Amino acid sequence: MVLPEGFVLPPWYLLVPLLVVLAGVIALLWALDPPVTDRTVLAFAPWMMFGATLHVLHRIEAYPDHIEVLFASPSVYLVTAVIAGAAWIIASLLYAGGLQSTISRFVGISGTAFFAVFAMIAFNIGWERGTIDPFWPVIAVVVTGIVTAIAWVALSLSFTDVAATTGLTGALVVFGHTLDGVSTAIGYDILGASEEVPLSRLLLEAGEALPTEAYIGAGWLFILVKVALAMVILGLFREYVEEQPQQARLLLALVAAVGLGPGTHNVLLFLIT
């Protein structure tokens, strides 16, 4: 009821080394204690998209059989965390040695490069199979931008200072969850895609049971809940960001990843299949 379909753990001889390496990366980052700012969180956005791309390649069976389980859910999150964490460590060491002007720049550029390369691999596979169709993915991104702008203006004009306090990190949270909501709605209502997460499926089925389903589909309720949830989370984090900005922004980055990762996965999967 809670775990999504396709949730599978790799065998112990792959999982244990992966967890050991991840623990080492976390320990090094704890020791280095790099700063976490708005720019840091934005720099990790390409890494969130990179992780989604790795999973898309798993969905289209692009990996060798003996390692493909590493890119299923949830191990793909661990693999992405190891690679992105390693980039953060390298950036911190280069910055400490005076070889890099900012940590976030290295993290952002390296993440963009990784995402671009693997997204092109996925695109080329789709091109070879003759399944490329950009129309609905483009619509999803455009609608996401419009809805995000409306939600952010609403936050900015509210009596609280949530938008000003959470800044670009908050905007990324709203954008990521909006993209997930819009792409899921398009997939469910128009492209005939199924929803793997049980709770999300319940929301979609609830929207399908409403009288509005015949006119505007079932996905609008899912979009509304995702956007509202993102805004509520930002409201709850406002004081936390003021009091402990580094820790709060790190947690908000994880919240953003929960939206941006699945949203990017949907868009890229629809594009190439």
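Use the structure listed above.
As the structure is a computational prediction, the values presented were derived from the model and not from experiment. The residue numbers shown here count from 1 along each chain, following its written sequence. The predicted origin of the model limits local features to residues at a pLDDT of at least 70 and limits the giving and counting of side-chain atom pairs to 80 or more, whereas totals for whole chains, interfaces and linings rest on all residues. Here the side-chain values reflect all heavy atoms present in the structure, with hydrogen atoms and water set aside.

(A) Seen up close, the packing of aromatic side chains. The aromatic pairing rule takes the rings of Phe, Tyr and Trp, using the six-membered ring of Trp, and pairs them if the centres are within 6.5 Å, calling planes under 30 degrees apart stacked, those over 60 edge-to-face and the rest tilted. Summed over the entire model, instances satisfying the criterion amount to ten aromatic pairs. Residues Trp47 and Phe50 carry aromatic rings whose centres are separated by 5.6 Å and whose planes lie at 90° to one another, so their mutual orientation is edge-to-face. With Trp47 and Phe50 both in helix α3 (residues 45-59), this residue pair falls three residues apart, about one helical turn. Each residue is placed in one exposure class: buried if its accessible area under a 1.4 Å probe, protein chains only, is under 20% of its type's maximum, exposed if it is over 50%, and partly exposed if it falls in between. Take Trp47: its relative accessible area is 2%, and that puts it in the buried class. In this structure Phe50 comes out as buried when scored by relative accessible area, which is 1%. A centroid spacing of 5.8 Å and a plane angle of 40° characterise the contact between Phe237 and Tyr240, whose relative ring orientation is tilted. Here Phe237 and its partner Tyr240 are both found in helix α10 (residues 219-243), three residues apart, which amounts to about one turn of the helix. Under the relative-accessibility criterion, Tyr240 is labelled partly exposed at 24%. Grouping aromatic residues by their ring pairs yields a cluster made of Trp47, Phe50, Phe114 and Phe118. Only runs of H or I of at least four residues qualify as helices and only runs of E of at least two qualify as strands under DSSP, and these elements are numbered from the N terminus.

(B) Seen up close, the nonpolar core. Counting residues in hydrophobic clusters, the biggest one holds 62 residues, and the most contacted among them are Val107 and Leu234. The element best represented in this core is helix α11 (residues 245-272), accounting for eleven residues. For our purposes a nonpolar core is just a set of buried Ala, Val, Leu, Ile, Met, Phe, Trp, Tyr and Cys residues, chained together by side-chain atoms within 4.5 Å.

(C) Summary view of the layout of surface pockets. A cavity here means a set of points on a 1 Å grid, drawn over the protein atoms and nothing else, where a 1.4 Å probe fits but cannot get out; a pocket is an open set with protein on both sides within 12 Å along at least five of seven lines, and a residue lines either one if it has an atom within 4 Å of a point. Grid points are joined across faces, edges and corners, and a volume is the space filled by probe spheres set on the points. Computed from the structure, the second largest pocket encloses a volume of approximately 220 Å³. Lining the second largest pocket are 14 residues; nearest its centre among them are Phe115, Thr264, Val267, Leu268 and Leu271. Looking at the lining of the second largest pocket, the elements that each hand over two or more residues are α5 (103-129), α6 (135-156), α7 (162-189) and α11. Tallying contributions element by element places α11 first for the lining of the second largest pocket, with five residues. Amino acids are sorted into nonpolar (Ala, Val, Leu, Ile, Met, Phe, Trp, Tyr, Cys and Pro), charged (Asp, Glu, Lys and Arg) and polar (every other residue, Gly among them). Grouping the amino acids of the lining of the second largest pocket by side-chain chemistry returns 13 nonpolar, one polar and no charged.

(D) Seen up close, the packing of helix α1 (residues 12-32) against helix α4 (residues 75-96). As a packed pair, α1 and α4 sit with axes 9 Å apart at the nearest point and diverge in direction by 35°. α1 and α4 meet at a crossing whose hand is left-handed. Where α1 approaches α4, its residues Leu15, Leu18, Leu19, Val21, Leu22, Val25, Leu28, Leu29 and Leu32 are matched on the opposing element by Ser75, Leu78, Val79, Ala81, Val82, Gly85, Ala86, Trp88, Ile89, Ser92 and Leu93. For the contact of α1 with α4, the class distribution of residues is 17 nonpolar, three polar and no charged. Interaxial angles span 0 to 180 degrees and are taken between N-to-C directions of axes, which are lines fitted to C-alpha atoms, for helices over the stretch in contact. By the definition used in this description, the sense in which the near helix is turned from the far one sets the handedness, with an anticlockwise turn below a right angle giving left-handed and a clockwise turn giving right-handed. Whether two residues are in contact is decided by their heavy atoms: any pair within 4.5 Å suffices.

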